[in-house]
Amino acid sequence: MFDNNLVRWFLITIFIIFVLFVVIRAIFYKSIAEKEERNSASMKLTLQEAEILIQKHQLQLQRALGNIDLLTQELNNLKNELKTVKQRNAQYRMDTDKYKTRIKDLEQKIEALL
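Residues numbered from 1 in each chain as written. Predicted model: local features only at pLDDT ≥ 70, side-chain atom pairs only at ≥ 80, totals over all residues. Heavy atoms only, no water.

Participant: Mind showing me how you'd approach the overall build of the chain here?
Facilitator: Within the chain, the secondary structure is distributed over 1 helix and 0 strands. In summary, the chain has a C-alpha radius of gyration of 48 Å against a globular reference of 13 Å for 114 residues, an excess of more than 25%. Put simply, the chain has 114 residues, and 0% of those count as buried. Of the roughly 11400 Å² that the chain leaves accessible, carbon and sulfur atoms contribute 64%. Looking at the chain, you have 18 positive and 14 negative side-chain charges, and the mean spots of the two groups are 1 Å apart. (Helix = DSSP H or I, 4+ residues; strand = E, 2+ residues; numbered from the N terminus. Rg over C-alpha atoms; globule rule 2.2 N^0.38 Å. Buried < 20%, exposed > 50% of the residue type's maximum accessible area, 1.4 Å probe, protein only. Areas by Shrake-Rupley, 256 points an atom, 1.4 Å probe, with all protein chains shown as cover. Lys, Arg positive; Asp, Glu negative; His and termini not counted. Charge placed at Lys NZ, Arg CZ, Asp CG, Glu CD.)

Participant: Before we go on, may I ask you to explain a nonpolar patch on the surface in this structure?
Facilitator: Residues I12, F15, I16, F18, V19, L20, F21, V22, V23, I24 and I27 make up a contiguous nonpolar surface patch of roughly 1100 Å² in combined accessible area. The residue F15 is located in helix α1 (residues 2-113) in this model. (Patch = residues over 30% accessible without salt bridge, like charges linked within 9 Å, V, L, I, M, F, W, Y side chains within 5 Å. Salt bridge = Lys/Arg side-chain N within 4 Å of Asp/Glu carboxyl O.)

Participant: Which parts of the structure should I look at to understand the environment of E49?
Facilitator: You can see E49 is positioned in helix α1. Considered as a pair, E49 and E107 are 58 residues apart in the sequence and their alpha carbons are 84 Å apart.

Remember, this is a structural readout, not a statement about activity or role.
And the structure:
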């Protein structure tokens, strides 16, 4: 009888320890799952914020690239205008030199007549 009670007590004790072990593991894994869920939600929020920032910076970059295109066009226009002004300046110098030589010729003719 003592052996039978001892065996039952031993089996009940082992069963209770097993149940406690299973309950503790379930609670542990539940807490880990909740923690991972919070981390996942936080990560999703962070990713959404990052996407918003990326979109904002993409818009700024597109505007900047558009501005660069406009500035490039303006720079090319100014270069063309500068070339035109240089050509006109060169032409004016040639005309000025031609007029100076003509004036000298006329001065020499006037002196010859005097």
